[in-house]
Structures are given as C-alpha cells and as structure tokens.
Amino acid sequence: MPLMTGGQALIRSLRQEGVQVIFGLPGLQIMEALDAIYDDPGLRFIATRHEQAATYMADGYARVSGQVGVALVVPGVGVYNAAAGLATAYAASSPVLLVAGQVPRDDLGKGRGVLHDVHDQLDIVRPITKWRARVLEPSHIPEAVHDAFRQLKTGRPRPVELEVPHDALAQEAQVELLESERYFPGAGDPDLLGRAARLLAKASHPLIWAGGGVHLSGAHEELTLIAEHLQASVITTVEGKGAISDRNPLSLGVPRWTVEAWQRLVAEADVVLAVGTRFVDAPFQEPQQVIQVDVDPEELGHSHPKALGIAADARLGLASLYDRLQRDVKPRPSRKAEMAALKEKLQAPWERLEPQASLVAALRQAIPDDGILVCDMTQMAYFSYAAYPVYQPGTFLTSSYMGTLGFAFPAALGAKVARPDRAVVALCGDGGFLYNSQEMATAVKEGINVVAVVFNDNAYGYSLRDQRGRFGGRVIGTELHNPDFVQLACAYGAAGVRVEWLQDLERVLREALDNNKPTLIEVPVSSVVWP
C-alpha cells in the first residue's frame, strides 16, 4: 500500500469517485487537503468568498451535471456558514457532499476552545443530511468516502457530510484506495405496477402529477410516453417544471390552488399518478385514488391515505408501467383542442397581470430553450413558477421548500461550471442578490459567465407588501438602502447594465448572453406594481 497523508487520501479518493470540481474556502484545518489538490492538475478548485456560496454552488453543479457536488470548508463556523446551502440541497434532494475539517483529535469533545471548536459538529448537520461521519485515521478515509458516495447514489440523493480532524489530514500512513462502484436502482414491485396499470387503464379522467424526482431519475421520456398514451393531463410541482415540455399539449404547468379551475381539475381526476413528489398541498378528496411512485419508501402514503405506493426509481418504474399500459389499453385519441382551451383558462389570471407577464415573457424569449433559469426568493420568481414555460429538463432551479434567500446567484455559478456551453441566468431581487453579491469576484476570477437579472424595488418586497396590506402600513425593516448595482458590478470587473425601460429587458438580456461575460442587469421596479 502506498504511503500518503490523510489529505492526499481524501483528494485521491474523491478522484476515484469521479469528482472533477470542488467548491470551497481555504482555512487552517483543511490546508493539507488543499495541498493535495495542488498536485492534481485535472481537479478544479473554485475558491468562494463565503462558505454559504460553496454549498450553493455545489448544489447548482449537482443538479445540472447529474454528478455529486462537493464543497470543502473549515470546521465550526465554516460548517455553520455552509449550512444554508446544505439545507437547500436537502430540501431539493440534491447530491451534495460537504467535506469539513475538524479540530485535532486530542481536542475533540474537550471544550478547550481551540480554533473553530464546537461541541459536536455532527449534530449541526444531522437534521439536513442523509448521512454523516467522522474519520479519525488516514487509512480509513477511502472507505468513508466510498460510503458517502454510496449514500449519495442510492435511494433519495440528499446531502451527506464527512469530517476529518486537522492532524489526521496531516498524518502519513499506508492507504489503500478503493475503486468507485456502480449502483443499480430498483424498478418497483411487479405486482404493484400491475395494479397501477389496471387502475390507469380503467380511469376516465387520469391526471399525472410530476415532481423533482422525475429530474433526479431522468424519467422525462417515460413520463411523456405514459401521458400521451393515456392522454392524461400533466401538472408539475415547481421543482418538477420541465418534467414534460410545456410545448406538449398535455402539459398544464404548476397549479395555483387559489384559482377555481385548478381545484376543479384535480377534483375531477378519478386516478392520479404522482411521480417523485410529496404533493403536500394537494387538494385531494379522501376517496380519490392516487398511485405514488417514489424512490423514498418513507414518502409513500405520507400525504394521502388512499395511495397505492410503489417504491421505485421513477425512470425504471415508469418504463415498466408503460410496457404494461401498452398491453392493457389502446392509445387514446388526442385531446389537443380540449387541452388548449383548458390551458388558456388556467393561465388567464397570470397573462393579464402586468408588468409581470411581459417581464417573464421577455426572460423566456431571450433565454434559449436549453438555457437555465435559477430562481431566488423574489416576487418575479414566484410569478415565473406559473408563467415561465420550460421546454427542457433541468433548466429551472429553485430552493424548493427551504426558501433560502440568496440561493440563486451562487447556485447559478455552480450550474454554469457544470454546463459552460449553456446560457445561465440568475433571477434575483435586490435583497436576495446582496446575500452573495461578493461572488461576482468569484465569477470574474474563474470566468463563470452567468447573467444576474436583479429586480430592484429597494425593499424586501413581499414582506413590505404584507406590511402595507395586512398591517395597515406599519412599515419596519423592509425598506432597503442599496448600492448602485451597475457600479457594483463594474467594481468587481463584471459588466453592469441598467434597464431604464421595461420593454428593453429582452434585448439587453440577449446582448448580455451573447457577450459571454459575468453580467449584472438591474431592472428598477416600483413596489407599487406588485399586487
């Protein structure tokens, strides 16, 4: 067995698992790992300006590449700072590995107050990781990395954390590296899939509900084939946007339950096929039959009592289901005209809302079909959930139910690292963008040519609207003082543009994407335009 430091064992083990990029921030307890990266010219290390950005970038990278996103941080406060990105990846079922340093082995659990000391770092990440481990010996590092990747690549792909004390990274030992392993997901119980096929074959008003699990498994083609065979309406969660192209006549988009037509659509469905979604807010009636396909057995039947639960990888499960449907039922006649009329009725409330509808249309017209839009927690992003059509899988990213303000710009940088050939746009508000605006320095230094569109109303706009509408105009803490965003971008060496007229947004965005340079587009808006 070769002699190497713990840092070398860590980095070489990550390379064995196929890691090509690491996002992180240097610090004392991980310097031996960084030194090992220096020896590997094929491994890219992207230094961020905050640990939060490192895990956001790893998340964006993972979702777009389909590979594991890796972040490297110091212990204690570094892990605390990285936790927002880790929590977001947990909510989105994104395969992110956080590698953290630790205090020296003799200081663990002693409370001596050494640099970055916390009582039990594993407890910090326990609620927002699928698996976590501490490795105390260099010779144990390859096995721990291998176990981490097994967790990331099997079942539901939520984040994991691996930590190694500083002195273990520095220590030399004989270490045996391990080969990566290929994992095969389950296709589901054949008997349950047969029951599901029979239920769908008999359904007169089938409905398909697609969530983010469709993207994780790459089940887009299988889902579309089933929908077209049954002529079933398809709705998606926000995370599931793009599970079926919005150009497909059967795609109805993301439901908004305040609209009566949406409620009626779900109420009339006699069988609902839910794929890769928890459907926690679904207005199902108790007797409605749901077929739930999910890779996580714990989610089956969690949100609806009458659910036929099938634990399966979405792609393999749907492929098997489609084979059975082809045998059990003939393809149904096209509902193209009916669906077009229904879609017009469902979308009408959003198409009439201005200037939001025109602004979202401008974004869609400027961004290529395969371009990636990454949404922050901002009013234009909320509007885009319903009004921004998505034509290809994995091209619409959000922070899922975690709702983390400041997610979009660093996640977009990670997405662009994964797919430098594609247009990537971060959709931000002024409040959220300033959470991680320092990462413009990272974008310029690394040549990560993302365009950030910042809608600036000088406020935490949604909260300000609440104060004006629900609290009688008692405004506190929601009105902001902002920098000159154009000058801010230029100070970092990025391009900065201000859209003075809203009708110019499409042209300016197209020019920014063609320019292929880190760019900030400021769109000043008045808070009064947001109903």
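Residues numbered from 1 in each chain as written. Predicted model: local features only at pLDDT ≥ 70, side-chain atom pairs only at ≥ 80, totals over all residues. Heavy atoms only, no water.

### Focus on the pairing of strand 10 (residues 233-236)
Line of reasoning, step 1. Where burial is concerned, the two faces of strand 10 agree: the one with Ser233 and Ile235 and the one with Val234 and Thr236 are both buried.
Line of reasoning, step 2. Two elements, strand 10 and strand 11 (residues 251-253), share 2 bridges in a ladder whose sense is parallel. Each bridged residue has a counterpart across the sheet, and for Ile235 the counterpart in strand 11 is Gly253. (Buried < 20%, exposed > 50% of the residue type's maximum accessible area, 1.4 Å probe, protein only. Helix = DSSP H or I, 4+ residues; strand = E, 2+ residues; numbered from the N terminus. Pairing = 2+ DSSP bridges.)

### Let's talk about the pattern of salt bridges
Line of reasoning, step 1. Summed over all chains, the structure comprises 22 salt bridges.
Line of reasoning, step 2. Across the pair Asp40 and Arg15 runs a salt bridge whose closest N-O atoms are separated by 2.7 Å. Taken as a pair, Asp40 in the loop between helix 2 (31-38) and strand 3 (44-47) and Arg15 in helix 1 (residues 6-16) lie far apart in primary sequence, 25 residues in all.
Line of reasoning, step 3. The buried category is assigned to Asp40, whose relative accessible area is 19%.
Line of reasoning, step 4. For the salt bridge of Glu338 with Arg335, the shortest nitrogen-to-oxygen distance reads 2.9 Å.
Line of reasoning, step 5. Judged by its relative accessible area of 44%, Glu338 is partly exposed.
Line of reasoning, step 6. Three or more residues are tied together by salt bridges with common partners; here these are Arg44, Lys445 and Glu446. (Salt bridge = Lys/Arg side-chain N within 4 Å of Asp/Glu carboxyl O.)

### So, the nonpolar core
One broad rule of soluble globular proteins: the nonpolar side chains tend to lie buried together.
Line of reasoning, step 1. Formed by 53 residues in total, the largest nonpolar core has its most connected members in Phe23, Val374, Phe409 and Phe433.
Line of reasoning, step 2. Among residues more than four places away in sequence, those in contact with Val374 are Leu397, Phe407, Ala408, Ala411, Ala412, Val424, Val425, Ala426 and Leu427.
Line of reasoning, step 3. Ala203, Ile244, Ala312 and Met339 belong to the second largest nonpolar core, which has 52 residues in total. (Core = buried A, V, L, I, M, F, W, Y, C linked by side-chain atoms within 4.5 Å. Contact = heavy atoms within 4.5 Å.)

### Some details on the pairing of strand 12 (residues 271-275)
Line of reasoning, step 1. Counting buried positions over the 5 residues of strand 12 gives 5, a clear majority of the element.
Line of reasoning, step 2. Side-chain alternation along strand 12 places Val271, Leu273 and Val275 on one buried face and Val272 and Ala274 on a second face that is also buried.
Line of reasoning, step 3. In this sheet, strand 12 lies alongside strand 9 (residues 206-210) in parallel orientation, the contact comprising 5 bridges. Its bridge partner being in strand 12, Trp209 is matched across the sheet by Ala274.

### What about the side chain of Glu222?
Line of reasoning, step 1. Inspection of the secondary structure puts Glu222 in helix 10 (residues 220-230).
Line of reasoning, step 2. Buried and without a salt bridge, Glu222 has Arg315 as its closest oppositely charged side chain, separated by 4.6 Å.
Line of reasoning, step 3. When sequence neighbours within four positions are dropped, the list of residues in contact with Glu222 reads Arg315, Leu318 and Ala319. (Lys, Arg positive; Asp, Glu negative; His and termini not counted.)

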